[in-house]
Structure formats: C-alpha cells, structure tokens
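Below are the chains, spelled out letter by letter.
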Amino acid sequence: QVQLVQSGGGLVQAGGSLRLSCAASVRTFSNYQMAWFRQAPGKEREFVGAITRSGGSTYYADSVKGRFTISRDNAKNTVYLQMNSLKPEDTAVYYCAARRGYYSNYALVLSYDYWGQGTQVTVSS
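Numbers given for residues are sequential positions, taken from 1 along each chain in its written order. In view of the model being predicted, local features appear only for residues whose pLDDT reaches at least 70, and side-chain atom pairs are presented and counted only at 80 or more, with totals across whole chains, interfaces and linings using the full set of residues. Note that water and hydrogens are dropped before the side-chain values are worked out from all heavy atoms of the structure.

### Examining unusual backbone geometry
Then, number 1: Look at Asn 77: it is not a glycine, yet its phi comes out positive at around 55 degrees.
Then, number 2: Phi at Ser 85 is positive, roughly 50 degrees, even though this residue is not glycine.
Then, number 3: In this text, helices come from DSSP runs of H or I with a minimum length of four residues, and strands from runs of E with a minimum of two, each type numbered from the N-terminal end. In this structure, Ser 85 sits in the loop between β8 (78–83) and β9 (92–99).

Encoded structure:
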C-alpha cells in the first residue's frame with residue numbers, strides 16, 4: 001500500500017507563490033508516475049500537471065502552463081508543485097496522485113491508484 005502525505009498550501013494573495021510537497025511511502029518511488037489535480041467547490045476534480053517516472057518530462061493543463069512547475073526528487077520519494085503568479089481561480093483543494101500503469105492520458109483521474117489527503121490553497125484577490 002502506498003501512502004501519499006501532502007504538505008504546504010494555505011492562503012496567499014493574488015500574484016503570490018506557494019509550494020506543495022507530496023511524500024510517498026514506497027520502496028521504489030521511480031516506479032510511479034505522479035500528478036497533481038485540484039478540485040474547487042461544486043466542481044469536478046481537474047488535472048493540473050504530471051511528471052514522468054524519471055522526472056524527464058512534465059505536462060500541464062493550459063490553465064496553469066507557464067505558472068506552475070512540477071518536479072520530483074526520487075531519492076527523497078517526493079514530488080513538488082511550485083505555483084507562481086497565483087490567481088483567485090486557482091483556489092481549490094489540491095491532490096497529488098500516483099500510478100504504476102502506463103497510460104497515454106495523464107489527466108485520467110480513474111487511472112491513478114493512490115491519492116494524497118488534499119491540501120487547501122486559497123488565493124485572495
């Protein structure tokens with residue numbers, strides 16, 4: 001069983017920055033492709049971005065491209081989400097997710113096997 005423990009988040013003014021972390025309790029972290037999703041009140045969970053197992057490639061939703069950066073440290077079993085130039089519409093609960101399978105669609109929620117507990121990010125205008 002893989003456990004994902006998130007940290008970071010909080011309240012920030014528009015234009016500010018936050019960094020989220022997600023630590024995995026797993027023997028071989030590099031076996032897992034990682035992603036970040038978010039869910040605002042009354043909305044479905046949406047894809048934010050993903051990173052490949054080696055960390056060599058990243059993929060982002062258009063809404064965050066150029067502002068958010070995903071990285072991972074396989075030696076520390078941790079994936080990060082650096083969020084810059086935050087906007088009020090970025091307000092949501094953010095989740096990290098992990099999967100072992102190989103899928104072409106990084107945004108497919110049901111393809112992820114494990115989820116973090118969620119972290120609230122609130123951006124004030």
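Moving on, there is more to tell.
### Some thoughts on the nonpolar core
Then, number 1: Here, the term nonpolar core denotes a set of buried Ala, Val, Leu, Ile, Met, Phe, Trp, Tyr and Cys residues that are joined through side-chain atoms within 4.5 Å. Relative accessibility decides the category of a residue: with a 1.4 Å probe and only protein chains considered, values under 20% of the type maximum give buried, values over 50% give exposed, and everything between is partly exposed. Met 34, Trp 36, Leu 81, Met 83 and Tyr 94 are the most contacted members of the largest nonpolar core, which totals 36 residues.
Then, number 2: For this core, the elements supplying multiple residues, two or more each, are β3 (18–25), β4 (33–39), β5 (46–51), β7 (68–73), β8, β9 and β11 (119–124).
Then, number 3: Non-local contacts of Leu 81, meaning those with residues more than four positions away in its chain, are made with Leu 18, Arg 19, Leu 20, Trp 36, Val 48, Phe 68, Thr 69, Ile 70 and Tyr 94. Note on contacts: a residue pair is in contact if any heavy atoms of the two residues lie within 4.5 Å.

### Notes on a nonpolar patch on the surface
Then, number 1: A patch consists of residues whose relative accessible area exceeds 30% and which take part in no salt bridge; residues with like charges are grouped when within 9 Å of each other, and nonpolar side chains (Val, Leu, Ile, Met, Phe, Trp, Tyr) when within 5 Å. Residue-level accessible areas treat just the shown protein chains as cover; the underlying method is Shrake-Rupley with a 1.4 Å probe. The working definition used for a salt bridge is a side-chain nitrogen of Lys or Arg within 4 Å of a carboxyl oxygen of Asp or Glu. Residues Tyr 103, Leu 108 and Leu 110 make up a contiguous nonpolar surface patch of roughly 340 Å² in combined accessible area.
Then, number 2: Residue position: Tyr 103 is located in the loop between β9 and β10 (114–115).

### Re the state of the cysteines
Put plainly, a disulfide is one covalent bond tying together the sulfur atoms of two cysteines.
Then, number 1: Disulfide: a pair of cysteine sulfur atoms within 2.5 Å of each other. Summed over the entire model, instances satisfying the criterion amount to one disulfide.
Then, number 2: Here Cys 22 connects covalently by a disulfide to Cys 96, the sulfurs 2.1 Å from one another. A torsion of 60 degrees about the S-S bond marks the disulfide between Cys 22 and Cys 96 as right-handed. Placement of the pair is Cys 22 in strand β3 and Cys 96 in strand β9, with a sequence separation of 74 residues.
Then, number 3: Here Cys 22 falls in the buried class, since its relative accessible area comes to 0%.

### Focus on the environment of Lys 65
Then, number 1: Structurally, the position occupied by Lys 65 is in the loop between β6 (58–60) and β7.
Then, number 2: Separated by 16 residues in the primary sequence, Lys 65 and Gly 49 place their C-alpha atoms 8.8 Å from one another.
Then, number 3: In protein, a polar contact requires one atom able to donate a hydrogen and another able to accept it; more generally it is a pair of N or O atoms within 3.5 Å, and residues adjacent in sequence count only if both atoms are side-chain atoms. Polar contacts involving the side chain of Lys 65 include one to the side chain of Asp 62, which spans 3.1 Å.

Everything listed here is a matter of geometry and, on its own, says nothing about what the molecule does.
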